[in-house]
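Overview (structure and organization)
Listed below, chain by chain, are the residues.
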Amino acid sequence: MSLAELASESTVLFDEDGRVRYWNPAAERLFGWPALSVEGVQVTRLAASSRQEASAWAALLQEGFWRGVLKRRSRDGHVVEVQARRLVRFEDSGELRDVVEFAAPTSGHRPTSIDPIDAPDQMMAASWEIDVAPCESILADIEGERAGDPDGRHAALYQEIVEKALIVRVNKRTARLVGGNRTREIMAGQRVAAFWPLASRSALGELIVEALRSEAGRSVFRGLPTDGILRDPVVTAWRADSERPTHVFISVEGVADDDRSYLYLKASEARYRKLIHYMPVALLQVDASHMGKIYAGLRAQGVVDFDGYLQEHPELIDLAGRSVPVTDVNRRAVELLGGQGPHDLIRPVGHLFAISPATLRRVMVGRFSGRTSHSEFMKVRALDGRVLDVRFSVTYPEPLTELDTTIFSLEDMTDRVRMEAQLRQLQADYSHAARVSMLGELTSSIAHEVNQPLAAIMTNAETSLRWLARDVPDVTKVTQLTARIAASARRADEIVQRIRGMASKRAPETVSLTLNEIVQQSLLFVKHEIETRSIRVATSCARNLPRVMGDRVQLQQVVVNLLINAAQAMEGVDEAERLLTIETMADAEGSSVLTLRDRGPGIPAEHLSRIFDGFFTTKDEGMGIGLAICRSIVAAHGGTISAANVSAGGAEFRVELPAAEVAPRWT
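Described in the following lines is the structure provided in the data block. (Residues numbered from 1 in each chain as written. Predicted model: local features only at pLDDT ≥ 70, side-chain atom pairs only at ≥ 80, totals over all residues. Heavy atoms only, no water.)

**Some thoughts on the sheet that holds strand 17 (residues 536-541)**
One open sheet holds the five strands; their spatial order is 17-19-20-22-21, and the pairing between them is mixed. Looking at the sheet topology across the chains shown, the edges are occupied by strand 17 and strand 21 (640-645). Within this sheet the neighbouring strands show an average axis-to-axis angle of 15 degrees, counted without direction. Direction of pairing for strand 17 relative to strand 19 (residues 579-586): parallel, over a ladder of six bridges. The residue of strand 19 that forms the bridge with Ala538 is Thr581. Of the strands in this sheet, strand 17, strand 19, strand 20 (592-597) and strand 22 (651-657) are in contact with helix 21 (residues 515-532), which crosses strand 19 at around 170 degrees. Across the face of the sheet, helix 22 (residues 552-569) comes into contact with strand 19, strand 20, strand 21 and strand 22 while running at roughly 20 degrees to strand 20. (Pairing = 2+ DSSP bridges. Helix = DSSP H or I, 4+ residues; strand = E, 2+ residues; numbered from the N terminus. Axes fitted to C-alpha atoms, helices over the stretch in contact; angles between N-to-C directions. Contact = heavy atoms within 4.5 Å.)

**Side note on the side chain of Asp98**
With respect to the element layout, Asp98 can be found in strand 5 (residues 96-105). For Asp98, the residues in contact, after removing those within four places along its chain, are Leu13, Phe14, Arg21, Leu87, Val88 and Arg89.

**Notes on the packing of helix 13 (residues 289-300) against helix 17 (residues 357-368)**
Close contact between helix 13 and helix 17 brings their axes to 10 Å; oriented N to C, the two are set at 60 degrees. At the point where helix 13 passes helix 17, the crossing takes the right-handed sense. In this structure, helix 13 contributes Met291, Gly292, Tyr295, Leu298 and Arg299 to the contact, and helix 17 contributes Met364, Arg367 and Phe368. Residues of the contact of helix 13 with helix 17, tallied by class, amount to five nonpolar, one polar and two charged. (Left-handed = near helix turned anticlockwise from the far one by under 90°. Nonpolar A, V, L, I, M, F, W, Y, C, P; charged D, E, K, R; others polar.)

**Some details on the side chain of Asn516**
With respect to the helices, strands and loops of the structure, Asn516 is situated in helix 21. With a relative accessible area of 0%, Asn516 lands in the buried category. A polar contact is formed between the side chain of Asn516 and the side chain of Thr584, at a distance of 2.7 Å. (Buried < 20%, exposed > 50% of the residue type's maximum accessible area, 1.4 Å probe, protein only. Polar contact = N/O pair within 3.5 Å; in protein donor to acceptor, adjacent residues only side chain to side chain.)

**Points about the packing of aromatic side chains**
A complete count under the given rule lists 12 aromatic pairs for this structure. With a centroid separation of 6.0 Å and 85 degrees between ring planes, the pair formed by Phe353 and Phe408 is classed as edge-to-face. With Phe353 in the loop between helix 16 (331-336) and helix 17 and Phe408 in strand 15 (residues 405-412), this residue pair connects regions lying 55 residues apart in the sequence. We note that Phe353, like Phe408, is buried. Pairwise contacts between aromatic rings join Tyr295, Phe306, Tyr309 and Phe368 into one cluster. Over the ring of Phe31 we find Arg72, and its NZ or CZ is 4.9 Å from the ring centre. (Phe/Tyr/Trp six-rings, centres within 6.5 Å; stacked < 30°, edge-to-face > 60°. Lys NZ or Arg CZ within 6 Å of the ring centre and 35° of its normal.)

**A closer look at the sheet that holds strand 10 (residues 247-256)**
Read across the open sheet, the five strands follow the order 7-6-10-9-8; overall the sheet is antiparallel. One side of each edge strand has no neighbouring strand; the edge strands of this open sheet are strand 7 (166-170) and strand 8 (220-223). In this sheet, neighbouring strand axes are inclined to one another by 25 degrees on average, regardless of whether the strands run parallel or antiparallel. Two strands pair when backbone bridges link them, and strand 6 (residues 126-131) and strand 7 are joined in this way by four bridges, in the antiparallel orientation. Directly across from Ile130, in strand 7, lies its bridge partner Ile167.

**Quick notes on the pattern of salt bridges**
Counted according to the given criterion, the structure contains 30 salt bridges. A salt bridge links Asp98 to Arg89, with the shortest nitrogen-to-oxygen separation between them at 2.8 Å. By relative accessible area, which is 2% here, Asp98 ends up buried. Under the relative-accessibility criterion, Arg89 is labelled partly exposed at 30%. Where Arg597 meets Glu652, a salt bridge forms, and the shortest distance between an N and an O atom there is 2.6 Å. Residue Arg597 is found in strand 20, and its partner Glu652 is found in strand 22; the two are separated by 55 residues along the sequence. Residues joined in a network through salt bridges with shared partners are Glu39, Arg45, Glu129, Arg169, Asp241 and Arg244. (Salt bridge = Lys/Arg side-chain N within 4 Å of Asp/Glu carboxyl O.)

**Re the pairing of strand 2 (residues 20-23)**
Looking at chain direction, strand 1 (residues 10-14) and strand 2 are connected through three bridges and run antiparallel. If you follow Val12 over to strand 2, its bridge partner there is Trp23. Here strand 1 hands over to strand 2 after five residues, with Gly18 in that stretch at a positive phi of 85 degrees.

**Re the packing of helix 13 against helix 15 (residues 315-323)**
Helix 15 packs onto helix 13 with a crossing angle of 155 degrees between their chain directions and a minimal axis gap of 10 Å. Comparing the axis directions of helix 13 and helix 15 gives the class roughly antiparallel. Seen from helix 13, the contacting residues are His290, Met291, Ile294 and Leu298; seen from helix 15, they are Leu316, Leu319, Ala320 and Ser323. Partitioning the contact of helix 13 with helix 15 into residue classes produces six nonpolar, two polar and no charged. (Parallel < 35°, antiparallel > 145°, perpendicular 65-115°, else oblique.)

**So, helix 21**
The end-to-end C-alpha distance of helix 21 is 26 Å, a good match for the 26 Å that 18 residues give at a rise of 1.5 Å each. By the largest-angle criterion, Val526 marks the main kink of helix 21, which is about 60 degrees. All of the buried residues in helix 21 are Leu515, Asn516, Glu517, Ile518, Val519, Ser522, Leu523, Phe525, Val526, His528, Glu529 and Ile530. A positive backbone phi angle near 60 degrees is found at Ser534, which sits one or two residues after helix 21. (Expected span 1.5 Å × (residues − 1). Bend = angle between axes of the 7 residues up to and from the residue.)

**Description of the environment of Leu13**
Structurally, Leu13 can be placed in strand 1. When the C-alpha positions of Leu13 and Val99 are compared, they lie 5.5 Å apart, and in sequence the two are 86 residues distant. Each residue touching Leu13, except ones within four places of it in the same chain, is listed here: Arg19, Val20, Arg21, Tyr22, Arg89, Asp98, Val99 and Val100.

Written as structure tokens, this is what we have:
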């Protein structure tokens, strides 16, 4: 804030050609012209008598100083007579720097004394320069019905003018009153409606039309009710000069409608700006108000399935990407997206969704559906070409609010996604190692399983040769034996494929399945182990079990590991007592549950809390990764695994897996 802004005397700076370079608040108050409307204007155009002004200016340049009476036109067309003094200032090099003018009225009341703290807000009007070029068709409609408003629709047209008119410039007070955390530079180019109270938009639009109908230099004004920003504001509008035929100046005068001091408000605003600016999450403010109107129109037409509508009208998604602008960003957004400054990102949102177009579609569906927010992971291409993994969140505007402001937030997840991929690979490696270790424990079972079909193949082949060696070969018998050979070969192949699937190092493959399938396939792996230990198996598999989404091999690994542990736990138990109970069911929440109980000695109480820890084992030759891997696999499937002792003796393991969102039920 310069000292001239606090001065009660009109202070104006001109360049050597007599064009206004600075116009302080006291000059605004004295002559009625907001600073932004006179900046760059020739001094003779402001004078009531251009001849008198030219003479005074010539004397000033000749003497370097001038004092006298000037007559200058005010904004409302009146002539203001002032006592003025002018001084030419020079650079050290001797070149003319500028001309300073001080002025005060020659008669009438002088400006009242003002508290320096509140001087700028009390002396300065909130000034706007707007461009109504986008409203050409609306203005034409109004002019076409100038004789009257037969349909009573002018109020809506006046409001539409404000919604389409663009801000060219605003002064500091406007930015302070309605800009929020946006600067004057960021407000430029945005729609007037984004900052003008909803209740008085129609009145402003009507005033703009009246100003455009008036001759250049003539202003029109109107008092408005208190709007929560200013008390009893008076709005004045007038056309710009002929060089800017579609521009209109607006001046709003009134006392801020807030009991707090200007100093308090400025401090609060500064804290707000700092909080938003330095937040670690990238924030982008978006104006999607015109899309809201499109959505309202579609609802009025009876559109309910908006997702389906977008499939048939993808051009609406393209329109949103091209026309919905980012209106403000914080520092983190500029850093994350590789910009040099906020203006690099103050543009339509389409570039944010260039490589994730489906996200924009879901954002639109969320807004149409009336949700308050939406969040998902997506990829975004930064301005410098980097592809980032981000958590994208959108907060939609609340219904019935004046400002249709949408907030995008982007949280950089690139390093986290990369780390999670590495962790998944590490988990896969450990899981593979655990499977290989588990297969090592099943060596005798695997050998027995493979030897059975191989022995059958050998026996049937030898028998076939004998039947073929007879004087009259029995083709029918050989055909039967050959069919048995083929069946045994298929069985052997199935065993090999099952073992290969368990032993191979592969990426997880998510499919729809049931726990019943997993239990049946897992029992095939340990069939020989169970039989050689004389363990009875009791299964109770529920029908209509909810399907789950998971990797078949990994879930088999969990169940096989639990079965092996149970079989080994019962080695010291009398053969008549060796019982393994397997049960599947659906719980109240719709999850699939597997319960496995053994008749072993149970888990020592001091080990229960550590049973799933990595590298914890009670076996002399155990690696201690089996149950840890089981827990990580179940967790990766969104489920839980727990262990407990049964009161009747033995241990119980319980696995819960969430049901697939959309999947047929197993029967």
